[in-house]
Amino acid sequence: MIKLFKRLLNFSGKHRKDIIVSLITSFIKSNFEIMSFMAVIMLINWLLLSVEGKKVIDMTDVFTIFGVMVISIVGKIIFSNISNQKRVISSFKMCQDKRLEIGELMKRVKMGYFNENLLGEITATTTTTLGDIETISVTIFDKVINGLVHGAVISIWILIYDWHIGLITVAGIIIAMIVYVHIQKKSKILSPRRQKAQAGLVTSILEYIQGMGVVKAYNLGGNSSKGVKDAIEESSQANIKLESVFSSLTALYQLAFKIASSIIIVVAPYLLIDGEITIVKCFILLISSFIIYEQMEIVGSVSSLTRVIEASLNRIDNLSNTPIMDGDGKDIKLDNYHIEIKDVSFYYEDMEVIKNMNIKIPENTTTAIVGPSGSGKTTICRLITRFFDVDKGEVTVGGHNVKDFTCESLLNNFSTVFQKVYLFEDTIFNNIRFGKPDATLKEVQEAAKKACCHSFIEALPDGYDTYVGEGGSSLSGGEKQRISIARAILKDAPIIILDEATASVDPENEKNLQIAIRELTKNKTVIMIAHRLSTVKHADQILVINNGQVEQAGKHNELISQEGIYKRFISAREEAIGWQL
Ligand SMILES: Nc1ncnc2c1ncn2[C@@H]1O[C@H](COP(=O)(O)OP(=O)(O)OP(=O)(O)O)[C@@H](O)[C@H]1O
């Protein structure tokens, strides 16, 4: 428990102080609560003494009791308020910091990680798992620490007050503690299962929604939802198992206290009859028997949740400890933009996709990469931008190995326009400004004009403030593509990568796109996965990739005059199926 508390404090980072203040003020609040209990006992004591004729209750006594009650209530309200505020602020702030930290981390892990680890796992950890920490962690520790401290204090007090009853109280606590340890052990097994089931549920629902288009097109309603149904079933089973085990164990835990309280109710009058205790003591002990375990009973009812916190922290640690690519990276400023791929081999898992490849891309030139589908064209671009690390050889940009850069300082040199454009669920203005976060409206509009999208944006009801749906679903393919080019123009990076940027666009959009691309690539080092003869023809060098190797390299005129794959392709391109030209 102490170890777990330390972990939570470490997790809370700079909000640790607020958590400690919240717990201390909550403890003070409970002591104010006990004060009113003490005042009632004091009153009963005086009443009994007055019945026996040993004390006369006067106004001073009444005001004393009243004063104690008022202090108790005011103190409780003040400290409860401070504690709640500190708890809420620290819980939400620490989880907010963690989410941002994980977001930053994800930018620096290798892309392969997102293949190996399901998207749902990351989503569940940053939403539900961190949500658990946010809502229950500090409250649980508050209740457990308060309950245990009160249990110890009250046991000592009763032992001093009357050792017979003290022993019964302690025996009740010991039995309950044995059950408590058992609850903790069970929880250690069941909590991770529940969280795993939750992550599985998020994964299947995400997959189901993302694949909805295919489901509808092929009318696969029944089959496709099987995965979701299984995940819902597993999640519900995991929750039912957890709850059923804990409700019976918690009942057992509380039973120990109830039995101990009942024994006190029997033993106190017996001691009175035996002359061992006075009637005042007997009354006080009878009243105490109903409230001494109150705080400790709460400890039991929330104890299973401490393991939920532990399992949540483990999950978050797993995600936070994902190895980053650029731990030793430096902030490198380049004085040239030559790119070189030297003796590079690369595998996706066991499949060798790039085989001992050598490429030189001089700065301020245009390189077109062509080749059959699956030959490795996109992978070459991914290795240059270090989305993945090579398995053999090295990739250099401006004479520096890409592994020597921080991810940020490397990617500052690149603007990539993907075939599949992703726009964020935000305004068009912010989507373009993503390329340069401090850009003004004027700069954004200039970039949009160059990318041939200014006029269609202006025609939208809210112009640049128009919201686009997640992934840009409310715009056509060509419109999204031009917005992404405006974004790249605004970034103004020295190296441009165009990954089949105009592959899926109609002729009307094609013309505008070509103008936009011409603007984007002016005076830049350009690498394009090309699919149009018109663009390939003018490239400074064409690399023909086949089966992970450079089969031919040169200008269009050179390659067309050689016997080889390029010439064969050009002459037969009408029939060529699967070629990206
Ligand atoms: N993330 C990945 N994990 C595993 N295999 C992959 C991954 N990405 C690509 N591949 C495989 O690597 C090979 C090369 O893929 P790549 O995308 O580089 O080819 P490409 O020439 O760009 O193809 P296309 O023209 O169809 O886009 C293919 O066989 C592909 O199936």
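Residues numbered from 1 in each chain as written. Predicted model: local features only at pLDDT ≥ 70, side-chain atom pairs only at ≥ 80, totals over all residues.

## Side note on the packing of helix H15 (residues 441-450) against helix H17 (residues 477-491)
Our working definition: Think of each axis as a best-fit line through the C-alpha atoms, taken over the contacting stretch in the case of a helix, with angles from 0 to 180 degrees between the N-to-C directions. Working definition: helices are DSSP H or I runs of at least four residues, strands are E runs of at least two. Numbering for both runs from the N terminus. Here is the rule for angles: anything less than 35 degrees is roughly parallel, anything more than 145 is roughly antiparallel, 65 through 115 is roughly perpendicular, and the remaining ranges are oblique. The crossing is said to be left-handed when, going from far helix to near helix, the turn is anticlockwise and less than a right angle, and right-handed when the turn is clockwise. Contacts here follow a simple rule: the backbone-placed C-beta atoms of the two residues must lie within 7 Å. Residue classes follow a fixed rule: Ala, Val, Leu, Ile, Met, Phe, Trp, Tyr, Cys and Pro count as nonpolar, while Asp, Glu, Lys and Arg count as charged, and any other residue, Gly among them, counts as polar.
Between H15 and H17, the least distance of the axes is 8 Å, while the angle of their chain directions is 120°. For the element pair H15 / H17, the angle class is oblique. The chirality of how H15 crosses H17 is right-handed. Residues Glu 443, Val 444, Ala 447, Ala 448 and Lys 450 of H15 form the contact with H17, whose participating residues are Ala 486, Ile 489 and Leu 490. Counted by class, the contact of H15 with H17 contains 6 nonpolar, no polar and 2 charged residues.

## So, the sheet that holds strand S5 (residues 400-401)
This is how the line gets drawn: In this analysis, strands are considered paired if DSSP registers two or more bridges between them.
Taken in spatial order, the 4 strands make up an open sheet running S2-S1-S4-S5, and their pairing is antiparallel. For this open sheet the edge positions go to strand S2 (351-361) and S5, each flanked by a neighbour on one side alone. Bridge analysis of strand S4 (residues 392-397) against S5 gives 2 bridges, and the strand direction is antiparallel. Each bridged residue has a counterpart across the sheet, and for Thr 396 the counterpart in S5 is Asn 401.

## A look at the confidence of the model for the protein
Detail in the predicted coordinates should be disregarded across regions flagged by low pLDDT. Put simply, the rule reads: Confidence of the predictor in every single residue is expressed as pLDDT, which spans 0 to 100.
Per-residue confidence for the protein gives a mean pLDDT of 83, with 91% of residues at or over 70. Looking over the protein, one finds the lowest element-wise mean pLDDT in helix H8 (residues 221-224), namely 56, and the highest in S4, namely 96. With pTM at 0.67, the complex prediction returns an ipTM value of 0.97.

## Brief notes about the UniProt feature "transmembrane region" (unreviewed entry) in the protein
Convention followed: UniProt positions are given in the numbering used here, feature names are shortened, and annotations may be inferred rather than shown by experiment.
With numbering matched to this structure, UniProt assigns "transmembrane region" (unreviewed entry) to residues 20-48, 60-79, 144-160, 166-183 and 251-271. End C-alpha to end C-alpha, residues 251-271 measures 30 Å, and it is 100% helix and 0% strand.

## Quick notes on the pairing of strand S6 (residues 414-417)
Here is the rule we go by: Three exposure classes are used. Buried residues have 20 or more other C-beta atoms within 10 Å of their own C-beta, exposed residues have 12 or fewer, and partly exposed residues fall in between, all C-beta atoms being placed from the backbone.
Of the two faces of S6, the one carrying Phe 414 and Thr 416 and the one carrying Ser 415 and Val 417 are both buried. Bridge analysis of S6 against strand S7 (residues 495-499) gives 4 bridges, and the strand direction is parallel. For Phe 414, the partnering residue across the bridge sits in S7 and is Ile 495.

## With respect to the nonpolar core
Heads up, the rule is: A set of buried residues drawn from Ala, Val, Leu, Ile, Met, Phe, Trp, Tyr and Cys, joined through C-beta atoms within 7 Å, is what defines a nonpolar core.
In terms of nonpolar packing, the biggest core is built from 67 residues, with Ile 369, Ala 451, Ile 485 and Ala 486 touching the most fellow members. Among the elements that take part in this core, H17 stands out by supplying 6 residues, more than any other. When near neighbours in sequence (up to four residues on either side) are disregarded, Ile 485 contacts Val 417, Ala 451, Ala 516, Ile 517 and Leu 520. Core analysis: the second largest hydrophobic core is formed by 51 residues, Met 94, Ile 158, Leu 242 and Ala 256 among them.

## Here's the deal with the packing of helix H9 (residues 226-273) against helix H10 (residues 279-291)
Contact geometry for H9 and H10: axes closest at 9 Å, N-to-C directions at 175°. Between H9 and H10, the angle is such that the two are roughly antiparallel. Residue-level inspection shows Ser 261, Ile 264, Ile 265, Ala 268, Pro 269 and Leu 272 of H9 in contact with H10, the latter providing Ile 279, Cys 282, Leu 285, Leu 286, Ser 289 and Phe 290. Class assignment for the residues of the contact of H9 with H10 results in 10 nonpolar, 2 polar and no charged.

## Let's talk about the site of the ligand
Put simply, the rule reads: Each residue gets a C-beta atom placed from its backbone. If that atom is within 6 Å of a molecule or strand, the residue is near it.
Taken together, 12 residues lie around the ligand, and Tyr 348, Ser 373, Lys 377, Thr 378 and Thr 379 are the ones closest in. A total of 3 residues in the shell around the ligand trace back to one element, the largest contributor, which is helix H12 (residues 377-384). For the shell around the ligand, a count of residues per class yields 2 nonpolar, 9 polar and 1 charged.

## Describing helix H2 (residues 16-51)
Formally: Each helix should span, by expectation, one fewer than its residue count multiplied by 1.5 Å.
The end-to-end C-alpha distance of H2 is 53 Å, a good match for the 52 Å that 36 residues give at a rise of 1.5 Å each. Those residues of H2 not exposed but buried are Asp 18, Ile 19, Ser 22, Thr 25, Ser 26, Lys 29 and Ser 30.

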